[in-house]
Amino acid sequence: MSPTTKRIVVLISGSGSNLQALIDALNTPALPNAEINLVVSNRKAAYGLTRAAQASPPIPTAYLALATYLKQNPGKTRQDYDAEVAKIVLRAKPDIVILAGWMHILSEGFLELLDGRKNVDSEEDISVVKPIPVINLHPALPGQFDGASAIERAFEAFQKGEITYSGAMVHRVVKDVDRGEPIVVREVPFVKGETIEEYETKLHNVEHDIIVEATRKILGESQSS
């Protein structure tokens, strides 16, 4: 790895198709001088972990589920879990953290550790020298269908005649769910008569493009700063 290679940590919960888009883009003009050096999942059966293991070279992985953590650590809280995830992430010394289908709302405590507002309570040397950007992929447009089931809610609104298009965005992660500054936004129109599965396929193809585009954009900004 050269000194200019940017380090990426990706957080997933499911199939990891957006992770795959990032893997495929590495060291191409779409995402030059970058490597994914850790994939973290909060679900043991997430296929994204397999994608990471099958990458060439294989990408290191970590797994930590909220329920398992709380069961193994009586008296600990959801915030403690988020801090533990932050430690796992920080050990990889990332230049950017990407939530790619990470189905867990991270508390502000996680963000405070990533941007250096709080120090990690650990003897390890995992201090933050400069804030680490955290970005998230969300299958809706800014201010529209925040939170879970965004695709289903958008499709329902289309069927009721309330909207003619929805879309997807990559945004900076802040404490308010899906309310951070948009980095890349792409509209995806509905077509009369299409099924939700057909719309979802179109939307996922767009997601694969914009997650790479947003990652390149943020890494480029950090390089010039």
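Everything numeric here is computed off the predicted structure, so don't read it as measured data.

Quick look at the overall build of the chain
For the chain, the helix and strand inventory stands at 7 helices and 7 strands. Along the chain, helices (α) and strands (β) appear in the sequence β-α-β-α-β-α-α-β-α-β-α-β-β-α when read from the amino end. Its C-alpha atoms give the chain a radius of gyration of 18 Å, near enough to 17 Å, the size a compact globule of 225 residues would have. Each of the three principal axes of the chain carries a C-alpha extent, and together these read 60 × 45 × 35 Å. Taking the contacts inside the chain whose residues are at least 6 apart along the sequence as the reference set, 65% of them involve residues at least 24 apart. For the chain, the exposed surface amounts to about 11,400 Å²; the carbon and sulfur share of it is 51%. Taking the average place of the 24 positive charges on the side chains of the chain and the average place of its 29 negative ones, the gap between the two points comes to 2 Å.

As for the packing of aromatic side chains
Any two aromatic rings considered together are summarised by their centre-to-centre distance and by the angle between their planes. Under the counting rule described, the total for this entry stands at 5 aromatic pairs. Ring centres 6.1 Å apart and planes at 55° place the aromatic pair F155 and F158 in the tilted group. In this pair, F155 and F158 are both assigned in helix α6 (residues 150-159), 3 residues apart and thus about one turn of the helix distant. As far as burial versus exposure is concerned, F155 and F158 are alike and both buried. Relative to Y199, the ring of F190 has its centre 4.2 Å away and its plane inclined at 25°; by these criteria the two rings are stacked. As far as the burial class goes, F190 and Y199 line up, both buried. Through successive ring pairs, a cluster of aromatic residues spans F155, F158, F190 and Y199.

Description of the nonpolar core
Across soluble globular proteins, you tend to see nonpolar side chains buried next to one another. With 47 residues, the main nonpolar core has I8, L31 and I36 as its most contacted residues. Looking at this core element by element, the count peaks at 9 residues for helix α7 (residues 196-224). Excluding its chain neighbours within four sequence positions, the residues that come into contact with I36 are I8, V10, L19, L22, I23, L26 and I59. Judged by nonpolar contacts, the second largest core, of 27 residues, contains L90, V97, L106 and L113.

Concerning the layout of surface pockets
What the largest pocket holds in volume is close to 860 Å³. Forming the boundary of the largest pocket are 35 residues, of which G101, W102, M103, L137 and P139 lie nearest the centre. Elements represented by at least two residues in the lining of the largest pocket include exactly α1 (17-25), β5 (134-138), α6 and α7.

Details of the pattern of salt bridges
As enumerated under the stated definition, the model contains 9 salt bridges in all. The salt bridge partner of D115 is R117, with a shortest N-O separation of 2.9 Å. A relative accessible area of 26% means that D115 is categorised as partly exposed. Salt bridges linked by common partners bring E108, E112, D115 and R117 together as one network.

Notes on α6
Taken together, the buried positions of α6 are occupied by A150, I151, A154, F155, A157 and F158. The buried residues of α6 occupy an angular sector of 160° when the element is viewed end-on, so they sit on one face. Immediately downstream of α6, the backbone of G161 shows phi near 80°, a positive value.

Observations regarding helix α4 (residues 78-91)
Its 14 residues place the ends of α4 20 Å apart at the C-alpha level, agreeing with the 20 Å of an ideal helix rising 1.5 Å per residue. Of all the positions in α4, only Y81, D82, V85, A86, K87, I88, V89 and L90 are classed as buried. Its buried side turned inward, α4 meets β1 (6-12), β2 (34-41), β3 (61-63), α3 (66-72), β4 (96-99) and α5 (108-114). The opening residue of α4 is T77, an N-cap whose side-chain oxygen sits 3.3 Å from the backbone nitrogen of Q79. Phi turns positive one or two residues past the end of α4, at K93, with a value near 50°.

Conventions we followed
Residues numbered from 1 in each chain as written. Predicted model: local features only at pLDDT ≥ 70, side-chain atom pairs only at ≥ 80, totals over all residues. Heavy atoms only, no water. Helix = DSSP H or I, 4+ residues; strand = E, 2+ residues; numbered from the N terminus. Rg over C-alpha atoms; globule rule 2.2 N^0.38 Å. Contact = heavy atoms within 4.5 Å. Areas by Shrake-Rupley, 256 points an atom, 1.4 Å probe, with all protein chains shown as cover. Lys, Arg positive; Asp, Glu negative; His and termini not counted. Charge placed at Lys NZ, Arg CZ, Asp CG, Glu CD. Phe/Tyr/Trp six-rings, centres within 6.5 Å; stacked < 30°, edge-to-face > 60°. Buried < 20%, exposed > 50% of the residue type's maximum accessible area, 1.4 Å probe, protein only. Core = buried A, V, L, I, M, F, W, Y, C linked by side-chain atoms within 4.5 Å. 1 Å grid on protein atoms, 1.4 Å probe; cavity = no way out; pocket = protein on both sides within 12 Å on 5 of 7 lines; lining within 4 Å. Points joined across faces, edges and corners; volume = space filled by probe spheres on them. Salt bridge = Lys/Arg side-chain N within 4 Å of Asp/Glu carboxyl O. Arc of directions from axis to C-beta. Expected span 1.5 Å × (residues − 1). Polar contact = N/O pair within 3.5 Å; in protein donor to acceptor, adjacent residues only side chain to side chain.

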